[in-house]
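Next come the chains, spelled out residue by residue.
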Amino acid sequence: MTAPTPLDPTELRLGYGTNGFANHRLDDALAVLADLGYRGVALTLDHDHLDPFAPGLAARVAAVRRRLDALGLAVVIETGARYLLDPWHKHAPTLLHDEPARRIEFLRRAVAVGADLGAEAVSFWSGVRPDGVPPERAWDRLVTGCDTVCAAATAAGVPLGFEPEPGMLVADIADWRRLRAALGEPSAFGLTLDIGHCRCLEPAPVPDCVRQVGAHLVNVQIDDMRRGVHEHLEFGTGEIDFPPVLAALAEVGYRGLVAVELPRHSHAAPAVAAASLDFLRAAARSASARPDDRAPVAPQTPDPAALLCSNGGDTSGPALSPGGKQSKGGD
């Protein structure tokens, strides 16, 4: 296997998630991000942004494709809409529920939309294990559902990025590796890595997490976070040292989008997006000026209770309650 060609950190392609522009029309959000200087978007399919269940999907997808091309924006598809499938229950149904058909249809449509938009990846996750569903049954359902989605993605030629999410059945990188192995390690099944999640609960330092999975990365989300708390924070307000993280992404030759993931900041989207881009560009310049700053940092050993990733403030994912039971809070 040929080793990837390292990049200069300033060559990383920065994007922004449309779930952080929920109060904007999609056309307006894309224009703002292009005007700011972003090179791509992580497009969450939702009621207000390219609803995959609304009439006239093909024409709407074609219009978005023209808009992206005109603005010079690359795209990845995200599937984390909260109430798109069920107006009463957030994220339901998932692949783990008794009746996952609507989730599977959504993911199939996401793959088709991704293919028509020329998306670099379609990202999805496992969901929280429903009450009353034993872990073994939930795992079997997940493998079966992912196998179906992989078949659709392979046929469409669209890479999948599966995201470990704190509090979900697949919560960390080790869980993702287990799932990939259970699927037979299909080439279409890559990894979506959220940098904040690494700080939240992975045992290794964040840059080392990037190096461990560099060969499988197809999508990267980036945000600040604190150890043990699944809360997506603006850059500089958490605990992550970003120049070594960006240096690690460049070192592994990652060429996909690095998209800001701040889903609770739509109220100030243009200002937050502008500040985020300035911060990441400065961090990339710092990483470029310190090419040897790659020495691994000894992992911190927090209070075991902190590793439960309890939610605090504006959260973006479900928490783990004491005893390891998955709660349904968060995003």
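Just so it is clear, the structure is predicted and the values come from calculations on it, not from any experiment.

Asker: So what exactly am I meant to see when it comes to the overall build of the chain here?
Answerer: On a plain count of helices and strands, the chain comes out with nine helices and 10 strands. In the chain, which comprises 331 residues, the proportion classed as buried is 54%. When contacts within the chain are restricted to residue pairs at least 6 apart in sequence, those whose partners lie at least 24 apart make up 76%. Summed over its atoms, the accessible surface of the chain is roughly 13,600 Å², and 53% of this surface lies on carbon and sulfur atoms.

Asker: Can you help me understand the packing of aromatic side chains in this one?
Answerer: The geometry of an aromatic ring pair comes down to the distance between the two centres and the angle between the two planes. Under the defined criterion, the tally for this structure stands at nine aromatic pairs. Consider the rings of Tyr16 and Phe21, whose centres lie 5.5 Å apart with planes at 85°: the pair is edge-to-face. Summarising the burial analysis for this pair, Tyr16 and Phe21 share the class buried. For the ring pair Phe162 and Phe189, a centre distance of 5.5 Å and an interplane angle of 35° mean the geometry is tilted. You can see Phe162 sitting in strand β5 (residues 160-162) and its partner Phe189 sitting in strand β6 (residues 189-194), a full 27 residues away along the chain. One aromatic cluster is present, formed by Phe124, Phe162, Trp176 and Phe189 through successive ring pairs. Here the basic side chain of Arg178 rests over the ring of Trp139, its NZ or CZ set 3.7 Å away from the ring centre.

Asker: What am I meant to see in the side chain of Thr94 here?
Answerer: As for its placement among the helices and strands, Thr94 is situated in the loop between β3 (74-78) and α3 (101-117). For Thr94, a relative accessible area of 3% gives the class buried. Here the side chain of Thr94 touches Leu96 through a polar contact of 3.0 Å, landing on its backbone nitrogen. Apart from the residues within four sequence positions on either side, Thr94 is in contact with Pro100, Arg103, Trp125, Ser126, Gly127 and Val128.

Asker: I keep staring at the pairing of strand β10 (residues 257-260) and nothing clicks. Help me out?
Answerer: With burial as the criterion, each face of β10 is covered, one bearing Leu257 and Ala259 and the other bearing Val258 and Val260. Pairing of strand β1 (residues 13-17) with β10, which is carried by four bridges, proceeds in the parallel orientation. Residue pairing across strands places Arg13 opposite Leu257, the latter belonging to β10. With three bridges joining them, strand β7 (residues 217-222) and β10 adopt parallel strand pairing. Looking at the pairing, Gln221 lines up with Ala259 of β10.

Asker: Is there a simple way to think about the side chain of Thr79 in this case?
Answerer: Following the sequence through the fold, Thr79 ends up in the loop between β3 and α3. Here Thr79 falls in the buried class, since its relative accessible area comes to 2%. Engagement of the side chain of Thr79 in a polar contact is seen with the backbone oxygen of Ser123, the distance being 2.6 Å. Dropping the residues within four chain positions of it, Thr79 is found in contact with Arg103, Phe106, Leu107, Ala110, Val122, Ser123, Phe124 and Trp125.

Thresholds, definitions, all that
Residues numbered from 1 in each chain as written. Predicted model: local features only at pLDDT ≥ 70, side-chain atom pairs only at ≥ 80, totals over all residues. Heavy atoms only, no water. Helix = DSSP H or I, 4+ residues; strand = E, 2+ residues; numbered from the N terminus. Buried < 20%, exposed > 50% of the residue type's maximum accessible area, 1.4 Å probe, protein only. Contact = heavy atoms within 4.5 Å. Areas by Shrake-Rupley, 256 points an atom, 1.4 Å probe, with all protein chains shown as cover. Phe/Tyr/Trp six-rings, centres within 6.5 Å; stacked < 30°, edge-to-face > 60°. Lys NZ or Arg CZ within 6 Å of the ring centre and 35° of its normal. Polar contact = N/O pair within 3.5 Å; in protein donor to acceptor, adjacent residues only side chain to side chain. Pairing = 2+ DSSP bridges.

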